[in-house]
Amino acid sequence: MSQHSPIPPDDCTSCRKVFAQLSAAKERLTAGQLSEAVSLAERTVRVHVAHLVTHIRVQDDRRTPVPGAIVGPVETDTADVWTALDWVLTVTCPDRTCRRIMIVLAREADAAWGGQLSVQEIAERVGASVRTVSTHRAHLVAARLLRLTPDTTVRASGHRERRPDRYLILGQQTAATGQSWEEDAARDVLAQIGWWPGAPKKESQRAVWRILRRMRNGWPAHEITARCAIDPGRAVVHRLRLLDTLLPAADAPYVIPAREVASGIPAGPVYCPRCGTKYPSTTPVDHGHVCRACRQREAEAAVTSAPALAGAYDSAF
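Rules used in this analysis
Residues numbered from 1 in each chain as written. Predicted model: local features only at pLDDT ≥ 70, side-chain atom pairs only at ≥ 80, totals over all residues. Heavy atoms only, no water. Helix = DSSP H or I, 4+ residues; strand = E, 2+ residues; numbered from the N terminus. Buried < 20%, exposed > 50% of the residue type's maximum accessible area, 1.4 Å probe, protein only. Contact = heavy atoms within 4.5 Å. Areas by Shrake-Rupley, 256 points an atom, 1.4 Å probe, with all protein chains shown as cover. Axes fitted to C-alpha atoms, helices over the stretch in contact; angles between N-to-C directions. Parallel < 35°, antiparallel > 145°, perpendicular 65-115°, else oblique. Left-handed = near helix turned anticlockwise from the far one by under 90°. Nonpolar A, V, L, I, M, F, W, Y, C, P; charged D, E, K, R; others polar. Salt bridge = Lys/Arg side-chain N within 4 Å of Asp/Glu carboxyl O. Expected span 1.5 Å × (residues − 1). Arc of directions from axis to C-beta.

A. Structural detail: the overall build of the chain. A count of helical and extended segments in the chain gives 13 helices and four strands. Burial statistics for the chain: of 317 residues in total, 42% are counted as buried. Considering only residue pairs separated by 6 or more positions, the chain has 62% of its internal contacts joining residues 24 or more positions apart. Carbon together with sulfur atoms contributes 51% to the accessible area of the chain, which is approximately 18,100 Å² in total.

Quick look at the structure:
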């Protein structure tokens, strides 16, 4: 499939046309119907639909717009946005120790209400033993208040080093399941896995079915892609085996992140609306925020276009 230019959908006329047709449709449109409506080839339409899905404007079924999403200039008002700590103080935790752990995690959370802390670091902040923290973290995971993702790094020598688990504060609500998904959506996810190319056709089809099963359980494409975005450090021999270790359990439901529940802003990557640059998950910005490089270019352009000041003042000044 052809690649879309690295710009946000807001700056793409075709993306705006496709999104407008999907928003106005009263029933599911086929690729042919959508192609005819926007006067573009079917292959081109697929590229723009995939771009809208990547930027969290269209859901993973490739036909349903994300509730509240728009394709156009975005203005973000953060005056009344909740913080992770605000959310944690309103939820019911299994016990007092669990609440203390959640408060520590909320205070250390990034813009996505997640982060990375070791059990020892949490224990020091909570004032409890490592064993107690490990036990109560498991209670929070079971209560759908916390998601833990193992994190490893590969050294130059090829040795794997385990790092503290990444965490994400959850909202206890699960995503809708049982929807009908197209295999194209799963294939798009597979195409973004850097260590997958080179696999046999039959193995790739099995991988598509595995990804599709998770998507039917409510797991969004960006979450599956993020889980599989690792650097194995060496050639992968058993790709399906590695994929199975990275994907969530086959029947595990997707619990919606607390930030999305509280703010209504869909979870996922944040892009600069000018150049399309993806912000790191640790950067505290919201959708519509212009990156530093774009602001600097605008400032330089303003200085260049300003009238010259030479000779503006005489010697009497």
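B. Spotlight on the packing of helix H8 (residues 183-191) against helix H9 (residues 201-216). One can describe the packing of H8 onto H9 by two numbers: an axis separation of 9 Å at closest approach and a directional angle of 110°. Taken together, H8 and H9 sit at an angle that is classed as roughly perpendicular. The handedness of the crossing between H8 and H9 comes out as right-handed. Side by side, H8 and H9 meet where Glu183, Ala185, Ala186, Arg187, Val189 and Leu190 of the first sit next to Ser204, Gln205, Ala207, Val208, Trp209, Ile211, Leu212 and Met215 of the second. Among the residues making up the contact of H8 with H9, the classes are represented as ten nonpolar, two polar and two charged.

C. Examining the pattern of salt bridges more closely. Here the structure, examined in full by the defined rule, presents twelve salt bridges. Across the pair aspartate 184 and arginine 46 runs a salt bridge whose closest N-O atoms are separated by 2.5 Å. Residue aspartate 184 is found in helix H8, and its partner arginine 46 is found in helix H3 (residues 42-54); the two are separated by 138 residues along the sequence. The exposure class assigned to aspartate 184 is partly exposed, which follows from its relative accessible area of 25%. For arginine 46, a relative accessible area of 29% puts it in the partly exposed group. Linking arginine 163 and aspartate 151 is a salt bridge whose minimum nitrogen-to-oxygen distance equals 3.2 Å. Residue arginine 163 is located in strand E3 (residues 160-174), and its partner aspartate 151 is located in strand E2 (residues 146-154); the two are separated by twelve residues in the primary sequence. Each of Arg137, Arg162 and Asp165 takes part in a single network of salt bridges with overlapping partners.

D. Fine view of unusual backbone geometry. The backbone phi angle of isoleucine 56 is positive, close to 55°, even though this residue is not glycine. For isoleucine 56, the position within the fold is in the loop between H3 and helix H4 (84-88). Positioned with a positive phi, tryptophan 113 is a non-glycine residue whose angle comes to about 65°. As for its position among the elements, tryptophan 113 is in the loop between helix H5 (96-107) and strand E1 (114-116). Looking at tryptophan 113, the relative accessible area reads 5%, which means it is buried.

E. How the structure looks around helix H1 (residues 13-24). Over its twelve residues, H1 extends 17 Å from the first C-alpha to the last, a length consistent with the 16 Å expected when each residue adds 1.5 Å. Turning to H1, its buried residues number three or more, namely Ser14, Cys15, Val18, Phe19 and Leu22. The arc that holds the buried residues of H1, viewed along the axis, is 130°, so those residues lie on one side. Within H1, the exposed residues directed more than 90 degrees away from the buried face are Thr13 and Ala24. Buried residues in H1 make contact with helix H2 (31-38) and H3.

F. The arrangement of the environment of valine 18 in detail. Its location among the elements puts valine 18 in helix H1. In this structure valine 18 comes out as buried when scored by relative accessible area, which is 0%. On a C-alpha basis, the gap between valine 18 and histidine 48 in space is 7.4 Å, while along the polypeptide they are 30 residues apart.

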